[in-house]
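# Secondary and tertiary structure notes
Given next are the chains, with one letter for each unit.
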Amino acid sequence: MIKSLLVANRGEIACRIFRTARRMGARTVAVYSDADANARHVRAADEAWRLGPAAARDSYLNVAAVLEAARASGAEAIHPGYGFLAENAQFAAACRNADLTFVGPPPESIHAMGSKILAKLRMAAAGVPVLPGYAGEQQELAHLEAEARRLGLPLIIKPAAGGGGKGMQIVRKPAELAPALAAARRLAESAFGDGALLLERYLPAPRHVEVQVFADAHGNRIHLGERDCSIQRRHQKLIEEAPAPEVPAEVRERLRAAALVVAREIGYVGAGTVEFLFDHGEFFFMEMNTRLQVEHTVTEAVTGLDLVEWQLRVAAGETLPLAQHEIRFAGHAIEARVCAEDPARGFLPSAGRLALLEWPQSESVRVDAGFGTGDTVPDSYDSLLGKVIAAGRTREEAAARLARALDETYCAGIATNERWLARILRAPVFLEARHNIALLDEHLADFAGPAAVPPEAAILAALALHADAPAAPASPWELRDGFTPNLVTPIVYTFSVRGERVVVELEYAEGRPTGATVRGHERQSLAGVAWQPDGVAAQLGGERRFARCLSVDAHLYLWLAQEQFDFVLDDPRTHEFTATAAVGGLTTPLPGVVVAVPVAVGARVSAGDVLMVIEAMKMEHAITAPHAGTVKTLHFARGDRVPEGSELLELTPE
Ligand code: ADP
């Protein structure tokens, strides 16, 4: 058995691996970058070793530093988690050379899948169905363009060395082809150090179905069923489930068999996932991920197994704990990825301190989290905060439980996506399993939630703020300005919320709130206001309502009826308003690194032209011209780091 384990990763996956390692009696070793010195995964381990500065290439991707930490700590084995070094064949080989057990497949298997091009050619040769495309050695852009013309549109361009949906481009119109190839090449080079691209026919509305496989070093190979990961935004999985719904039994068997062929072809050992696109009853091999996946939890829920335990056993040279016929599948499980990104601002990643992050605690719900209240989300890594997984006897039951669990997830201080995920889980298109990978990109607006702010929410926000007034808790009214006994005295609060200006007038009589009017709405009577440690309750009209609240600086975060609101007090001393209004201009909405500046000083541009591309939290964000004009000055160049809110360039209007 492995006695000491270093996890070369961070966030939820490091915490999750430590949990199993600990249960199995292993000593746990964390590594961290300067941005993560106080992170949860550092606290979760028995000991922790510094790798280097925040940038991933100086820390979590720094092979020498990771190996040195293993040596210094005396760790016997390294688990790479997912991302970072997980699919780096050189790293796996370096571990082997340093006499460390790499918890993953042999370097040769990683290498065989490291290039989507080589993997596709090889699997096609082994008889696994693949989509038509170009997977060739000739990589000059002109040649790719010619191949693309031959293939026809729509098509998808993928970095051969890519992962995580990064850098992929879909081409629907001939005019988009050349720029898309150039952009894909640039991203492939900067992100993966390899510009090779794969072209493939683009299926407009398939589902993503993948098979979990497991193999040991003694020639045993089994599958643990399939997962559906079709709820994606820009090719990033957001909601995953097991089993995959609506796959005919006969297709399911062929799919599982094909996955085992893939694993056999490359001499696979350990946990792996073979990904397919499923379309009109047919499936096509996409790639194999030679590691544990984010969504392994739903497989664990329906099989009752601990995949990390299996990984550690297989890495220690044991045989697979169970044979294929001993694997039982029961019920349904769904996972949602809670990410630090803002659905209201085009899913821009958000970073900073979590004033609150409270995870749900309910039966049949599992939470794998890397962050909690008080933690800081750095801007250097991906945006996953944690995963909420719900199990049920049926798909409907699991979906309902998960939606409810997301309602009971409370996050404030930075923007997160859990309310939006809950809306998807309640949407008929998902519940009836009519979804596919294009759903979110094509119907994003359907899940935006109500635009209007319910007057009740605004009234409760005003009441909650009132509790914050520096007054004796027993009678918070007595010290308020403008309070006159026996007189109805309105106090006015102006908020900015969801891009709206909302004015609330609270009326008081004899020191108690008796009524409230949100401008533009009818007056509501108020009674029985009660301030609780986590919110405020009141009788509004006839009904008694409770809103969970948290006030942080000028923000009053409020949760009511499955929705979260961020009320910003319109105080002229805080300039939150203008800060938000600047988004979409020539300032960067988030801190990051300039990865491209396609224009030069003096260039004439039209509205919508890309002026600069910023990369932050593993995503590219294009800064486009708000109007036609001439580029006057560029304040940053390629490679520069830009702090949030920086003005990037000046554009003289036409
Ligand atoms: P990565 O390794 O970057 O995750 P994949 O090849 O696994 O890249 O593809 C990721 C996602 O991109 C898939 O889940 C799917 O949504 C989409 N995708 C990939 N290939 C195609 C295709 N040929 N047609 C339509 N969508 C595709």
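Just so you know, these numbers come straight off a predicted model, no measurement behind them.

## Some points on the site of the ligand
K116, G165, H208, Q232 and E287 are the nearest of the 22 residues found near the ligand. E200 is positioned such that a nitrogen or oxygen atom in its side chain is 2.9 Å from a nitrogen atom of the ligand. A distance of 2.8 Å is found between an oxygen atom of the ligand and a side-chain nitrogen or oxygen belonging to H208. In the complex, 97% of the free accessible area of the ligand, which totals 550 Å², lies under the protein chains. For the shell around the ligand, the secondary-structure elements that each account for two or more residues are β7 (155–159), β9 (197–201), β13 (270–279) and β14 (282–289). Residues of the shell around the ligand, tallied by class, amount to eight nonpolar, seven polar and seven charged.

## Thoughts on the domain arrangement of the chain
Entries for the chain in the domain assignment read domain 1 (4–103), domain 2 (132–201), domain 3 (209–233 + 244–447), domain 4 (455–575) and domain 5 (579–653). Each of domain 2 and domain 5 has a C-alpha centre, and these two points are 25 Å apart. In this assembly, four residues from domain 2 lie in contact with six residues from domain 5. Both faces combined, the contact of domain 2 with domain 5 buries some 420 Å², and carbon together with sulfur accounts for 48% of it. Broken down residue by residue, the surface that domain 2 buries against domain 5 is led by K166, R186 and L187, which jointly contribute 85%. Joining domain 2 to domain 5, the criterion identifies zero salt bridges. Between the two partners, domain 2 and domain 5, sit zero residue pairs in polar contact (both at pLDDT 80 or more). Tallied by class, residues from the side of domain 2 that touches domain 5 come to one nonpolar, one polar and two charged.

## Some details on the pairing of β7
The buried fraction of β7 amounts to five of the five residues, a majority that puts the element mostly inside the structure. On β7, burial covers both faces: L155, I157 and P159 on one face and I156 and K158 on the other are all buried. Sheet topology places β7 next to β9; five bridges connect them, and they run antiparallel. Residue pairing for β9: L155 is matched across the bridge by R201.

## Digging into the side chain of E241
Its location among the elements puts E241 in strand β12 (residues 236–242). Owing to a relative accessible area of 1%, E241 belongs among the buried residues under this scheme. For E241, the side chain forms a polar contact with the side chain of R395, separated by 2.6 Å. Residues contacting E241, with those up to four places away along its chain left out, are E226, R227, D228, V298, H332, A333, I334, R395, F430 and H435.

## Some remarks on the nonpolar core
In a soluble, globular protein the nonpolar side chains are often hidden away together inside. In terms of nonpolar packing, the biggest core is built from 38 residues, with I239 and L406 touching the most fellow members. For this core, the secondary structure elements donating two or more residues are β12, β15 (332–339), β20 (365–369), β22 (384–392), α12 (395–407), α13 (418–426), α14 (428–431) and α15 (439–443). Among the elements that line this core, the one with the most residues is α12, at six residues. Not counting chain neighbours up to four residues away, the residues in contact with L406 comprise A336, V338, V388, E418, R419, L421, A422 and L425.

## Regarding the sheet that holds β14
Spatial ordering of the open sheet is given by β14-β13-β10-β11-β12-β15-β22-β20, a layout of eight strands whose pairing is antiparallel. The open sheet has two free edges, formed respectively by β14 and β20, since each of these has just one partner strand. On average, each strand axis in the sheet is tilted by 25° relative to the strand beside it, whichever way the strands run. When strand β11 (residues 221–233) meets β12, the two strands line up antiparallel, connected through four bridges. By the bridge assignment for β12, I231 is matched with I239. Packed on one face of the sheet, helix α1 (residues 11–23) meets β20 and β22 and runs near 115° to β20. With respect to the sheet, α12 is in contact with β12, β15, β20 and β22, its orientation differing from that of β22 by roughly 140°.

## Quick notes on the pattern of salt bridges
The full count for this structure, using the stated rule, is 54 salt bridges. Residues R426 and D407 are paired through a salt bridge, measuring 2.6 Å at the closest nitrogen-oxygen approach. Here R426, found in helix α13, pairs with D407, found in helix α12; they are 19 residues apart in sequence, far enough to count as distant. Given the relative accessible area of 31%, R426 is considered partly exposed. Assessed through its relative accessible area of 11%, D407 is described here as buried.

## Structural notes on the sheet that holds strand β3 (residues 47–52)
Pairing in this open sheet of five strands is parallel, and the strands run β3-β2-β1-β4-β5 from one edge to the other. The open sheet has two edge strands with one neighbour each: β3 and β5 (101–102).

## A word on the side chain of E226
Residue placement: E226 occurs in strand β11. A relative accessible area of 3% places E226 in the buried class. Polar side-chain contacts of E226 include one of 2.6 Å to the side chain of R252. Not counting residues up to four positions away in its chain, the partners in contact with E226 are V209, E210, V211, E241, A242, P243, A244, R252, L255 and R256.

## Topic: the environment of E358
In this fold, E358 is placed in strand β19 (residues 356–358). For E358, a relative accessible area of 33% puts it in the partly exposed group. It is 14 Å that separates the C-alpha atoms of E358 and T376, two residues lying 18 residues apart in sequence. Among residues more than four places away in sequence, those in contact with E358 are T373, E408, T409, Y410 and R548. A distance of 2.8 Å separates the side chain of E358 from the side chain of R548, its partner in a polar contact.

Cut-offs used in this document
Residues numbered from 1 in each chain as written. Predicted model: local features only at pLDDT ≥ 70, side-chain atom pairs only at ≥ 80, totals over all residues. Heavy atoms only, no water. Near = heavy atom within 4 Å. Polar contact = N/O pair within 3.5 Å; in protein donor to acceptor, adjacent residues only side chain to side chain. Areas by Shrake-Rupley, 256 points an atom, 1.4 Å probe, with all protein chains shown as cover. Helix = DSSP H or I, 4+ residues; strand = E, 2+ residues; numbered from the N terminus. Nonpolar A, V, L, I, M, F, W, Y, C, P; charged D, E, K, R; others polar. Domains from an automatic or database assignment. Contact = heavy atoms within 4.5 Å. Buried area = accessible area lost by both parts, 1.4 Å probe. Salt bridge = Lys/Arg side-chain N within 4 Å of Asp/Glu carboxyl O. Buried < 20%, exposed > 50% of the residue type's maximum accessible area, 1.4 Å probe, protein only. Pairing = 2+ DSSP bridges. Core = buried A, V, L, I, M, F, W, Y, C linked by side-chain atoms within 4.5 Å. Axes fitted to C-alpha atoms, helices over the stretch in contact; angles between N-to-C directions.

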